[in-house]
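# Observations on the model geometry
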Amino acid sequence: MASLGGYLNLVPPSGLRDCVAASSTRAGESSWVTVKDPQGHGIAVDPNPWNTWEGSGSSSVKLCSDGLDVVVSYSEATAARPPETVLGYPEVIYGYKPWGALSTPTSPLLQLPAKVGQLPQALVYVDYSVEFPNGRGNLAFDLWLTRGPGQNGVGPRELEVMIWLYRTPGFNPMGYQSPSSTLALPAIVNGRPGVVNWGVYIADPMGPGRWTYVAFTLEPPLASRSVVVPLTLVLRSLRDLLPWGNEVSDLYLNGLELGMEYTSLTWPPTRVSVMARYRLNSYGVLVLPQA
C-alpha cells in the first residue's frame, strides 16, 4: 500500500494553548507530563534527573506554544549511582520508553514501536540551542532497540543508539578519547543540504549481560542550529557497523527520545553545582512517501 508521507510536528504541539510545566529534584521522582495534539498523537516531557540525588535545585521543563525550555540548576548535588557520569537527561519522548514503561499515543505517519526494517524513510528536524554555564554534557537522541515491542528493560544483543547534536569539549561517549570510525551521511544544517560527518563510538556490549551502545556524534558539534538528521539511514547503517548487524532490521525501535545529558565540571559528582539549559524552537519528523 502506498503512503503519502507527511510532517509529524512534535514541538510545539499544535493546538497547545496553555503552557505545561514539570519539575523534579531527585532520582525516583516521577513528574513527567503527556500532551496530545488535536490529531491524537502526543509527547511526554520529563525532567528525568535519573542519577541526581541530594542537594538543592531542580530539573524543570516548560512546554508552550512557541517551544520547549529546559533548565537544570543544582547546588551540592550528588550522584545516586556514583560510577555513572551523567546526572540526568531532561527529555521529550514520543512512542515507548522501556525504562519505566512510559508510552505516548503515536501518529499513523510514524507508529512506534516498529521494526527497524519496516520503518519508513524518516528525517528528524530539530531547531535548538543548548548551553552549559556550569557543567558538561550534550544534546542528543536516545533510542532503544529491543527484540520485542513493549519490553520493560534492555539486554544483550539489544541496542542503545544515541545521536549527539552537541557536546561540550572533552565530553565524549563512554569516555572514549576518539571514535572507532567516521560515517558520512546527507543532512541539512541551517537550511543548507550537504554531507556531514558523524563520529561513531561503539561498546559491544557495555558489559557482561548488558546491551550494546552506539553513539553517533555530529562533527563538529553544533550548540545552536537547525538540523535535519536522516533517522532511518542512521539506524540502517548499524547493519555494517556491528558484527551481528544483520539482526538489527528485526529489532524494534521503541520510541524517539530527545534530551540533554548533564553532569558537573568536576569528577566525581559529589556535592557539586551544575547549571545547564536548552531550548527546542521546533522539532518534528518528515516521513517520505513510499510505495
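Structure's up top.
One structure accompanies this document, and this report is about it. (Residues numbered from 1 in each chain as written. Predicted model: local features only at pLDDT ≥ 70, side-chain atom pairs only at ≥ 80, totals over all residues. Heavy atoms only, no water.)

Now for the state of the cysteines. All chains considered together, the criterion is met by 1 disulfide. In this model, Cys19 is linked to Cys64 through a disulfide, with the two sulfur atoms separated by 2.0 Å. Every disulfide takes its handedness from the sign of the S-S torsion; for Cys19 and Cys64 that torsion is 115°, giving right-handed. In this pair, Cys19 is assigned in the loop between strand 1 (6-11) and strand 2 (20-24) and Cys64 in strand 6 (residues 56-64), connecting sequence segments 45 residues apart. The buried category is assigned to Cys64, whose relative accessible area is 10%. (Disulfide = S-S within 2.5 Å. Helix = DSSP H or I, 4+ residues; strand = E, 2+ residues; numbered from the N terminus. Buried < 20%, exposed > 50% of the residue type's maximum accessible area, 1.4 Å probe, protein only.)

For the rest of this paragraph, the subject is the environment of Lys36. Here Lys36 is to be found in strand 3 (residues 33-36). Residue Lys36 is classed as exposed on the basis of its relative accessible area of 57%.

The omega torsion across Val11 and Pro12 is -10°, close enough to zero to call that bond cis. The peptide bond linking Asp204 to Pro205 adopts the cis configuration, its omega dihedral lying at -5°. With respect to the element layout, Pro205 can be found in the loop between strand 15 (192-203) and strand 16 (212-219). Of note in the backbone geometry, Arg157 takes a positive phi value of approximately 55° without being a glycine. By the element assignment, Arg157 lies in the loop between strand 12 (136-146) and strand 13 (159-167). The phi torsion at Met174 lies on the positive side, around 55°, for a residue other than glycine. With respect to the secondary-structure elements, Met174 resides in the loop between strand 13 and strand 14 (181-189).

Right, let's get into the nonpolar core. Formed by 73 residues in total, the largest nonpolar core has its most connected members in Leu145 and Tyr283. No other element matches strand 21 (residues 272-287), which puts 8 residues into this core. If near-sequence neighbours (up to four positions away) are discounted, Tyr283 is found in contact with Tyr7, Asn9, Leu10, Val11, Val92, Val124, Tyr125, Val126, Phe141, Leu256 and Leu258. Within the second largest apolar cluster, 9 residues are counted, among which are Met162, Phe171, Tyr201 and Ala203. (Core = buried A, V, L, I, M, F, W, Y, C linked by side-chain atoms within 4.5 Å. Contact = heavy atoms within 4.5 Å.)

Turning to the side chain of Thr104, a few remarks are in order. With respect to the helices, strands and loops of the structure, Thr104 is situated in the loop between strand 9 (102-103) and strand 10 (114-115). On the basis of relative accessible area, Thr104 is assigned to the buried category, the value being 7%. Here Gly42 takes part through its backbone oxygen, which lies 3.1 Å from a polar atom of the side chain of Thr104. Not counting residues up to four positions away in its chain, the partners in contact with Thr104 are Gly42, Ile43, Ala44, Ile93, Tyr94 and Gly95. (Polar contact = N/O pair within 3.5 Å; in protein donor to acceptor, adjacent residues only side chain to side chain.)

We now examine the pattern of salt bridges. According to the stated counting rule, one finds 9 salt bridges in the structure shown. One salt bridge connects Arg271 with Glu76, and the closest N-O pair in it is separated by 2.7 Å. With Arg271 in the loop between strand 20 (262-263) and strand 21 and Glu76 in strand 7 (residues 67-79), this pair connects stretches of sequence that are 195 residues apart. Here Arg271 falls in the exposed class, since its relative accessible area comes to 57%. By relative accessible area, Glu76 is classed as partly exposed at 36%. Several salt bridges converge on common partners, so that one network encompasses Asp66, Asp69 and Arg279. (Salt bridge = Lys/Arg side-chain N within 4 Å of Asp/Glu carboxyl O.)

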